[in-house]
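Each chain is listed here by its residues.
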Amino acid sequence: MLLARLTEANGAPGQEGEVRDLIRAELEAHVDEIKTDALGNLIAIKNPDAPGPRVMLAAHMDEVALMIVGIESNGYLKFRPIGGVDPRVLVAKSVVVGAKKVPGVIGSKPIHLQKPAERERPFTIQELLIDIGAKTKEEAERLVKLGECAYFTTKYEEIGNGKIKAKALDDRVGCELAIRLLQEDVSFPLIAAFTVQEEVGLRGAGVATYQVKPDLALVLEGTTASDVPGTDEHKHATTVGAGPCITVIDRVSIPYPPLVQELFALADEEGIKVQVRRNTAGGTDAGRIQLSEEGVKVATIAVPCRYIHSPVSVMSKDDYEGAYKLVKSYLKRLQEREASN
């Protein structure tokens with residue numbers, strides 16, 4: 001399954017090559033042009049010279065990861081997060097490091113050696129190390145280079161009643177949606193921008209949009225769902241199983257209101273269950289896309305995912321299918337509108 005391969009591929013911000021190669025191989029037979037820019041964005045174009053609006057689908061390839069920044073004399077690896085990672089989710093997690101995918105584990109002082117005060121607080125990043133089984137710095141240096149990244153090793157798996165658990169659902173689920181939608185037949189120019197470095201400041205999206213020059217853009221994401229015990233309902237942001245969510249405002253963007261309302265109306269007409277993203281924290285590539293050149297009309301459609309930016313996330317297959325049906329219906333509506341003009 002494509003989503004399984006996408007989530008199990010590794011791609012830290014600025015090191016998205018493995019994911020990019022997988023997407024390119026999947027799309028080459030379905031598009032007229034596919035290219036990689038200097039920053040690493042992958043841009044796939046269908047019907048470049050056709051009449052009609054230029055529509056861009058945007059999804060980021062990068063995932064949160066851990067960059068190796070030091071190698072100790074005893075062979076342990078020091079690291080720092082790339083993207084927002086909570087240190088409390090890291091202890092005793094299995095990882096692979098670098099191009100050689102060297103296996104390792106994130107280690108800490110065991111609880112029976114901790115002082116009482118240490119047990120009352122979470123470990124800091126500085127107190128954690130990656131153990132790859134090396135005995136010396138020289139041995140570790142033969143396996144790992146500074147600047148390489150460590151990735152969680154979670155495998156894709158279907159669980160429970162129509163749920164999926166995997167790493168990097170933020171935003172490989174968006175990548176999978178964009179790939180699938182680009183394989184549909186459309187009459188107008190449809191471009192997918194698979195962007196880089198979203199997790200460290202939305203860096204690839206502006207560069208990609210400047211090249212594509214879209215009339216409108218749909219950002220496809222995996223977003224926060226906090227529908228877990230101990231969290232008040234009004235703080236859930238989104239709810240897994242309640243349908244894909246549509247953003248009305250977040251920290252970096254106010255999506256184009258007429259486009260947002262059209263998506264809600266279309267969902268109602270098509271019987272697609274959707275929800276509003278009920279939290280303004282965080283942001284997506286929409287923030288950079290809508291500010292490109294003379295401005296771009298944007299909307300963000302996302303699949304709710306529990307536990308994002310951690311070793312494993314959980315999403316609903318029904319929410320994913322709802323997102324696909326909504327965007328497909330919108331593209332069909334757009335095509336019908338153009339044909340009647």
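Here's a quick rundown of the structure. Note that this is a predicted model, so its numbers are computed, not measured.

## Quick notes on the overall build of the protein chain
Counting its secondary structure elements, the protein chain contains nine helices and 17 strands. The C-alpha atoms of the protein chain give a radius of gyration of 21 Å, which matches the 20 Å a tight globule of 341 residues would have. Seen through its principal axes, the protein chain has C-alpha atoms that stretch 75 × 45 × 35 Å. A total of 341 residues make up the protein chain; the buried ones form 51% of that total.

## Regarding the packing of helix H7 (residues 257–270) against helix H9 (residues 317–340)
Relative orientation of the contacting elements H7 and H9 amounts to 105°, with a least axis distance of 10 Å. Taken together, the axes of H7 and H9 are roughly perpendicular relative to one another. Counted together, Leu259, Glu262, Leu263, Leu266, Ala267, Glu269 and Glu270 of H7 and Leu326, Ser329, Tyr330, Arg333 and Arg337 of H9 form the full contact between these two elements. Across the contact of H7 with H9, the residue classes break down as six nonpolar, one polar and five charged.

## Details of unusual backbone geometry
For the bond from Asp170 to Asp171, the omega torsion is 10°, close enough to zero to count as cis. Of note in the backbone geometry, Asn47 takes a positive phi value of approximately 55° without being a glycine. Inspection of the secondary structure assignment puts Asn47 in the loop between strand S2 (42–46) and strand S3 (55–60).

## Some details on the packing of aromatic side chains
Per the counting criterion, the structure on display carries zero aromatic pairs. Above the ring of Tyr324, the side-chain terminus of Arg180 is found at 3.6 Å from the ring centroid.

## A short note on the side chain of Ser310
Here Ser310 is to be found in the loop between strand S16 (297–306) and strand S17 (313–316). One polar contact links the side chain of Ser310 to the main-chain carbonyl oxygen of Tyr307, over a distance of 2.5 Å. Residues contacting Ser310, with those up to four places away along its chain left out, are Val89 and Phe152.

## Side note on a nonpolar patch on the surface
There is a patch of nonpolar side chains on the surface, built from Val248, Ile249, Ile254 and Val276 and spanning about 300 Å² of accessible area. Tracing the backbone through its elements, the reader meets Val276 in strand S15 (residues 275–276).

## As for the environment of Phe264
Mapping Phe264 onto the fold places it in helix H7. Residues Phe264 and Val276 lie 12 residues apart in sequence; the distance between their C-alpha atoms is 9.3 Å. The contact partners of Phe264, leaving out residues within four places of it in the chain, are Ile246, Val248, Val274, Gln275 and Val276.

## Regarding the nonpolar core
Formed by 57 residues in total, the largest nonpolar core has its most connected members in Ile23, Phe194, Met315 and Tyr330. Residues contacting Met315, with those up to four places away along its chain left out, are Leu3, Gly162, Lys163, Ile164, Leu169, Val173, Val240, Val303, Pro304, Cys305 and Tyr320. Core analysis: the next-biggest nonpolar cluster, separate from the first, contains 22 residues, Ile71, Val97, Val102 and Ala140 among them.

## Overview of the pattern of salt bridges
For the coordinates displayed, the defined rule picks out 13 salt bridges. Glu158 is the salt-bridge partner of Lys317, the closest N and O atoms lying 3.1 Å from each other. Note that Lys317 is positioned in helix H9 and Glu158 in strand S10 (residues 157–159), a separation of 159 residues in sequence. A relative accessible area of 31% means that Lys317 is categorised as partly exposed.

## Thoughts on helix H6 (residues 203–212)
Where H6 is concerned, the buried positions are Gly204, Ala205, Ala208, Thr209 and Val212. Viewed end-on, H6 has its buried residues packed into an arc of 125°, placing them on one side of the element. Where the residues of H6 are buried, they touch S2, S3, strand S12 (190–195) and helix H8 (286–289). The positive-phi residue at the C-terminal boundary of H6 is Lys213, with phi of around 55°.

## Topic: the environment of Arg333
Turning to its location among the elements, Arg333 is positioned in helix H9. The exposure class of Arg333 is partly exposed, given its relative accessible area of 24%. Arg333 has contacts with Glu262, Leu266, Glu269 and Glu270, leaving out every residue within four places of it along the chain. Polar contacts involving the side chain of Arg333 include one to the side chain of Glu269, which spans 2.9 Å.

## Focus: the pairing of strand S4 (residues 65–71)
For S4, a buried count of five out of seven residues is recorded, marking the element as mostly surrounded by other parts of the structure. In this sheet, strand S5 (residues 77–82) lies alongside S4 in antiparallel orientation, the contact comprising six bridges. When the bridges of S5 are listed, Ala65 appears paired with Ile82. From the end of S4 to the start of S5, which pair antiparallel, there are five residues, and Gly75 there has a positive phi angle of about 95°. Examined bridge by bridge, S4 and strand S9 (residues 149–152) share two bridges and lie antiparallel to one another. Bridging from a neighbouring strand, Leu66 pairs with Ala150 of S9.

## A short note on H9
Look at H9: 35 Å from first C-alpha to last across 24 residues, which is about the 34 Å you get at 1.5 Å a residue. Those residues of H9 lying buried are Asp319, Tyr320, Gly322, Ala323, Tyr324, Leu326, Val327, Ser329, Tyr330, Leu331 and Leu334. With a side-chain oxygen lying 3.1 Å from the backbone nitrogen of Asp318, the N-terminal cap of H9 falls on Ser316.

Reading the values: the criteria
- Residues numbered from 1 in each chain as written.
- Predicted model: local features only at pLDDT ≥ 70, side-chain atom pairs only at ≥ 80, totals over all residues.
- Heavy atoms only, no water.
- Helix = DSSP H or I, 4+ residues; strand = E, 2+ residues; numbered from the N terminus.
- Rg over C-alpha atoms; globule rule 2.2 N^0.38 Å.
- Buried < 20%, exposed > 50% of the residue type's maximum accessible area, 1.4 Å probe, protein only.
- Axes fitted to C-alpha atoms, helices over the stretch in contact; angles between N-to-C directions.
- Parallel < 35°, antiparallel > 145°, perpendicular 65-115°, else oblique.
- Contact = heavy atoms within 4.5 Å.
- Nonpolar A, V, L, I, M, F, W, Y, C, P; charged D, E, K, R; others polar.
- Phe/Tyr/Trp six-rings, centres within 6.5 Å; stacked < 30°, edge-to-face > 60°.
- Lys NZ or Arg CZ within 6 Å of the ring centre and 35° of its normal.
- Polar contact = N/O pair within 3.5 Å; in protein donor to acceptor, adjacent residues only side chain to side chain.
- Patch = residues over 30% accessible without salt bridge, like charges linked within 9 Å, V, L, I, M, F, W, Y side chains within 5 Å.
- Areas by Shrake-Rupley, 256 points an atom, 1.4 Å probe, with all protein chains shown as cover.
- Salt bridge = Lys/Arg side-chain N within 4 Å of Asp/Glu carboxyl O.
- Core = buried A, V, L, I, M, F, W, Y, C linked by side-chain atoms within 4.5 Å.
- Arc of directions from axis to C-beta.
- Pairing = 2+ DSSP bridges.
- Expected span 1.5 Å × (residues − 1).

Purely spatial values, then, with no claim about function.
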